[in-house]
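Structure at a glance
Residues per chain are reported as follows:
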Amino acid sequence: MSNETMLPVHSPINNISGYPPIPRIQPSKPVEPPSAEGIARLTVHIPSAFREDVASSVGLSRPRWGTNEFKFYYLVTFFAIPAMIWIPISLSRDTHPNYDQYAQKLSEGWIYDRLVDNSDPQYRSFRDNLRVLCKAAFGYLTIKYIRTHWFINPWQGGRFYMMPTNVILSLVTIVALHGASSVKILIIMAINFMIATKCRGAWFGPVLTWGFNGMVLFCNETYHGYRFGAIFSSLEYLDTFNGVFRWHVMFNITMLRLISFNMDYHWACNNTESAKPELVKPTEKQRVNVPHKDEMYSVMNYVSYVLYPPLYIAGPIITFNDFVWQHRRPIVLESHAKIMYIIRYVACYMTMEYVLHFMYVVAIKDKKAWLGDSPAEIAMIGFWNLIIVWLKLLIPWRFFRAWALLDGVDPPENMVRCMANNYSTFGFWRSWHRSYNLWIIRYIYIPLGGSKNPKNLILNTVLVFSFVALWHDLTFRLLAWGWLISLFVLPELVASYLLPASKYGKYPWYRHVCAIGGVLNIIMMMAANLVGFVVGPESIKFLVGQLFGTLEGARFMLLSACCMFVGVQLMFEYREEELRQGIQRRC
């Protein structure tokens, strides 16, 4: 099976490279990429997505935006989107019969004297502490600015002189966050570092690394962070100094950095070639894959990386190699780009605020207050819950990434596209939590063999998504989600094999067949994510029964499928527009 068969079949032009992206290091001096133009600017800027040879290597059609076909699509969109917005707003009115069932979950708001649905605990912890986080970011950046501009830079041409400052601020951060429990984190870090330095390039190094971190992750869940009093009764008084966040909840992200350091060091010890001197401005892939000299894998760099304050709480995830390269060869981040990124963040935050003030779908979902609702209303409750899941993750990730950008570190963008702008299972997971996806590819998928052996492809996919599910939470609900995702990639793989774009892409009917496949993919992805992150396996039975088990539900699903078909056609054209500008996001 060639790389081509690994691609999302539903893109008639996406036939350039396979999944996953196997690293190919090209040590040529990178050229500053151009920015997107026109409608393509709606998607967040990613420099590595620009490739000079994309437009010439793919047979692109003429723009369809002004054709009669797309004018019809605009007409459908003009009626469909307002209806999708109005349905959850009407369900959230205080005159609705089910309002009293969930009204107690609403809080006082600030927009037009409306109540706000602040009932999601994950987003509430971020939203309620946003002012504190802004003050912390401002104080951190002020200290770094003073250190950079008021003291002599002893290391010209790099930012390594900031490493001691990073370490001090990192230690202060975890003590403020976790109190006495910060000692537990440091002990785990010390053991992990000892595994890396003692094993070096030995084959059992990765085994011990994964075994140790997996054991800690499991024990954290089982013993809820190991109370001092349960270890030694004389230390019970330390349990009263817990800080503001439970340390073991955040350890999932920390674990990824611990494994990254150990694996990067393991591969560096087995690397026969040292970093080449011409890497004055390494590319994004080179920063990840090109190892450093042995002395760069030091305790100071290790602590600075694992506990780096802007990315410690929620990411995005950056590899150790990349983090050190960005201190050895600092990236020049334009002020205009950082300002526009912050403006984009504010727009996303305000969008979430308006959704929570006018659509109480989280509270409706939690209380199952949908008795008597039509299939269309029930479907929109599920859809807008998924939109809120997307926003509640995107907003913290972009806040912390903006913090890192202002500090001169450029981590991967976690959310590349809007949740509703996806039709491919593989493309969706490349754009959703992108830094985690890149981490999975580097440290799990490729070491397992990736897509080289088609016989192991399904097994590797199941193992990857099982790990992803258990890493999020050790529950059957998320494990079921992981298995559903693994199952739902099969139709796309089979369709890619039977209908490759290189053979059939020239035919006019191919785009429409791909759009039908895209509709099926969207329905399966929504079902899987509703199970994993919204309603769980129990309530999904009710939703499916209402949407597919009744005549009214079947009519609505047929109408929805037609609207999704229109949406997929617009997604196809949007991606072709990106390719015309030399942008290939692979999602």
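Keep in mind that this is a model prediction, so the values were computed, not measured. Within each chain, residue numbers correspond to sequence positions counted from 1 in written order. In view of the model being predicted, local features appear only for residues whose pLDDT reaches at least 70, and side-chain atom pairs are presented and counted only at 80 or more, with totals across whole chains, interfaces and linings using the full set of residues. To obtain the side-chain values, all non-hydrogen atoms of the structure were included, while hydrogens and water were left out.

Counting secondary structure elements, the protein chain contains 25 helices and two strands. Type-normalised accessible area, obtained with a 1.4 Å probe on protein chains alone, sets the label of each residue: buried when under 20%, exposed when over 50%, and partly exposed for intermediate values. Looking at the 587 residues of the protein chain, the share that counts as buried comes to 53%. What makes two residues a contact is simply this: any of their non-hydrogen atoms within 4.5 Å. In the protein chain, 78% of the contacts between residues at least 6 apart in sequence involve partners at least 24 apart. In short, Shrake-Rupley with a 1.4 Å probe defines the accessible areas, and a residue's cover is counted only from the protein chains shown. Working note: accessible area of the protein chain is about 27,700 Å², and carbon and sulfur atoms make up 65% of it. The helix count covers DSSP runs of H or I at least four residues long, the strand count covers runs of E at least two residues long, and both are numbered beginning at the N terminus.

Bringing helix α4 (residues 121-128) into the picture now. Among all positions in α4, only Tyr123, Phe126 and Arg127 are buried. Projected down its long axis, α4 shows its buried positions confined to an angular sector of 95°, all on one face. Residues of α4 that are buried make contact with β2 (115-116), α5 (130-149), α15 (335-358) and α17 (375-406). Under the rule applied, a polar contact is a pair of N or O atoms within 3.5 Å (in protein, one hydrogen donor and one hydrogen acceptor; residues adjacent in sequence only if both atoms are side-chain atoms). Where α4 begins, the capping side chain belongs to aspartate 120, and its oxygen is found 3.2 Å from the backbone nitrogen of glutamine 122. The directions from the helix axis to the C-beta atoms are what the arc is built from.

This part takes up unusual backbone geometry. Geometrically, the link from glycine 315 to proline 316 is a cis peptide bond, its omega value of 5° lying close to zero. Within the secondary structure, proline 316 sits in the loop between α13 (309-312) and α14 (320-328). Phi is positive for aspartate 113, close to 60°, though the residue is something other than glycine. Positionally, aspartate 113 belongs in the loop between β1 (107-108) and β2.

The next point concerns the packing of aromatic side chains. Between rings of Phe, Tyr and Trp, where Trp is taken as its six-membered ring, a pair exists when centres lie within 6.5 Å; planes separated by under 30 degrees are stacked, by over 60 edge-to-face, and by other angles tilted. Taken as a whole and assessed by the stated rule, the structure comprises 46 aromatic pairs. On the basis of an interplanar angle of 70° and a centroid distance of 6.4 Å, the ring pair of tyrosine 112 and phenylalanine 358 is categorised as edge-to-face. Of this pair, tyrosine 112 sits in the loop between β1 and β2 while phenylalanine 358 is found in helix α15, placing the two residues 246 residues apart along the sequence. You can call tyrosine 112 exposed: its relative accessible area is 63%. Their ring planes at 55° and their centres at 4.5 Å tell us that phenylalanine 261 and tyrosine 302 sit as a pair that is tilted. Of this pair, phenylalanine 261 sits in helix α10 (residues 247-269) while tyrosine 302 sits in helix α12 (residues 299-306), and the two are 41 residues apart along the sequence. The two residues phenylalanine 261 and tyrosine 302 agree in class, both being buried. Three or more aromatic residues joined by ring pairs make a cluster, and in this case those are Phe193, Phe261, Tyr265, Tyr297, Tyr302, Tyr305, Tyr308, Phe320 and Phe323. Put simply, a charge is over a ring when the Lys NZ or the Arg CZ is close to the ring centre, within 6 Å, and near the line of the ring normal, within 35 degrees. The ring of tryptophan 325 carries the charged tip of arginine 328 above its face, separated from the ring centre by 4.4 Å.

For α15, spanning 24 residues, the distance from its first C-alpha to its last is 35 Å, which sits close to the expected 34 Å at 1.5 Å a residue. Among the residues making up α15, those that are buried are Tyr341, Tyr345, Cys348, Tyr349, Met352, Glu353, Val355, Leu356 and His357. Tucked inside the fold, the buried residues of α15 contact β2, α4, α5 and α17. For a helix, the expected span equals 1.5 Å multiplied by the residue count minus one.

Among the secondary structure elements, asparagine 321 is positioned in helix α14. Residue classification places asparagine 321 among the buried positions, given a relative accessible area of 1%. Polar contacts involving the side chain of asparagine 321 include one to the main-chain carbonyl oxygen of valine 288, which spans 3.1 Å. In contact with asparagine 321, not counting residues within four places along its chain, are Asp264, Arg287, Val288, Val290, Pro291, His292, Tyr297 and Arg442.

A separate point is the nonpolar core. For our purposes a nonpolar core is just a set of buried Ala, Val, Leu, Ile, Met, Phe, Trp, Tyr and Cys residues, chained together by side-chain atoms within 4.5 Å. By size, the foremost hydrophobic cluster in this structure holds 126 residues, and its most contacted members are Ile395, Trp432, Tyr436 and Trp439. Among the elements that make up this core, the one with the highest residue count is α17 (21 residues). Filtering out sequence-adjacent residues up to four positions away, tryptophan 432 remains in contact with Val389, Trp390, Leu393, Asn414, Met415 and Met419. With eleven residues, the next largest nonpolar core counts Val519, Ile522, Val568 and Phe572 among its residues.

The subject of this paragraph is the pattern of salt bridges. Pairs can form between side chains of opposite charge once their charged atoms are near each other. By salt bridge we mean one thing: a side-chain nitrogen of Lys or Arg within 4 Å of a carboxyl oxygen of Asp or Glu. Applying the stated criterion across every chain, the model contains 19 salt bridges. One salt bridge connects lysine 365 with aspartate 366, and the closest N-O pair in it is separated by 2.9 Å. Judged by relative accessible area, aspartate 366 falls into the partly exposed class, the value being 33%. Bridged by salt links that share partners, the residues Arg64, Glu573, Glu576, Glu577 and Arg580 form one connected network.

A separate point is the environment of phenylalanine 399. Along the chain, the position of phenylalanine 399 falls in helix α17. Using a relative accessible area of 9% as the deciding quantity, one classes phenylalanine 399 as buried. Here phenylalanine 399 is in contact with Phe126, Leu130, Leu133, Cys134 and Tyr345, once residues within four sequence places are set aside.

The next thing to look at is the packing of α15 against α17. All axes here are fitted lines through C-alpha atoms, helices being fitted over the stretch that makes contact, and every angle between N-to-C directions spans 0 to 180 degrees. Look at α15 against α17: their axes get within 10 Å of each other, and the N-to-C directions meet at 150°. Comparing the axis directions of α15 and α17 gives the class roughly antiparallel. In this structure, the crossing between α15 and α17 has a hand that is left-handed. Residues Lys338, Tyr341, Ile342, Arg344, Tyr345, Cys348, Tyr349, Thr351, Met352, Val355 and Leu356 of α15 pack against Trp384, Ile388, Leu391, Lys392, Leu394, Ile395, Arg398, Phe399, Arg401, Ala402, Leu405 and Leu406 of α17. Throughout, the term roughly parallel applies to angles under 35 degrees, roughly antiparallel to angles over 145, roughly perpendicular to angles from 65 to 115, and oblique to all others. Left-handed describes a crossing in which the near helix is turned anticlockwise from the far one by less than a right angle; the clockwise case is right-handed.

Here we come to the confidence of the model for the protein chain. For the protein chain, mean pLDDT is 85; residues scoring 70 or higher make up 88% of the total. By definition, pLDDT measures how confident the predictor is in each residue, and it falls between 0 and 100. For the stretch residues 1-31, pLDDT sits under 50, and the model shows 92 contacts to residues farther than four places along the chain or on other chains.

Right, let's get into a nonpolar patch on the surface. Taken together, the side chains of Phe72, Leu75, Phe78 and Phe79 define a hydrophobic patch exposed on the protein surface, amounting to about 490 Å² of accessible area. By secondary structure assignment, the location of leucine 75 is in helix α2 (residues 68-91). Note on leucine 75: relative accessible area 47%, which makes it partly exposed. Two distance rules govern patches: like charges are joined within 9 Å, and nonpolar side chains (Val, Leu, Ile, Met, Phe, Trp, Tyr) within 5 Å, applied only to residues with over 30% relative accessible area and no salt bridge.

Axis separation between helix α6 (residues 163-178) and α12 bottoms out at 8 Å; the angle between their running directions is 50°. The angle between the axes of α6 and α12 places the two elements in the oblique class. Crossing angle aside, the handedness with which α6 passes α12 is left-handed. For the pair α6 and α12, contact is made by Met163, Pro164, Asn166, Val167, Ser170 and Leu171 and by Met300, Asn301, Val303 and Ser304, respectively. Amino acids are sorted into nonpolar (Ala, Val, Leu, Ile, Met, Phe, Trp, Tyr, Cys and Pro), charged (Asp, Glu, Lys and Arg) and polar (every other residue, Gly among them). Here the residues of the contact of α6 with α12 sort into six nonpolar, four polar and no charged.

Our next topic: the environment of leucine 235. Checked against the element boundaries, leucine 235 lands in the loop between α9 (228-231) and α10. Residue leucine 235 is classed as partly exposed on the basis of its relative accessible area of 26%. If we ignore the near neighbours within four places in the chain, the residues touching leucine 235 are Phe228 and Gly229.

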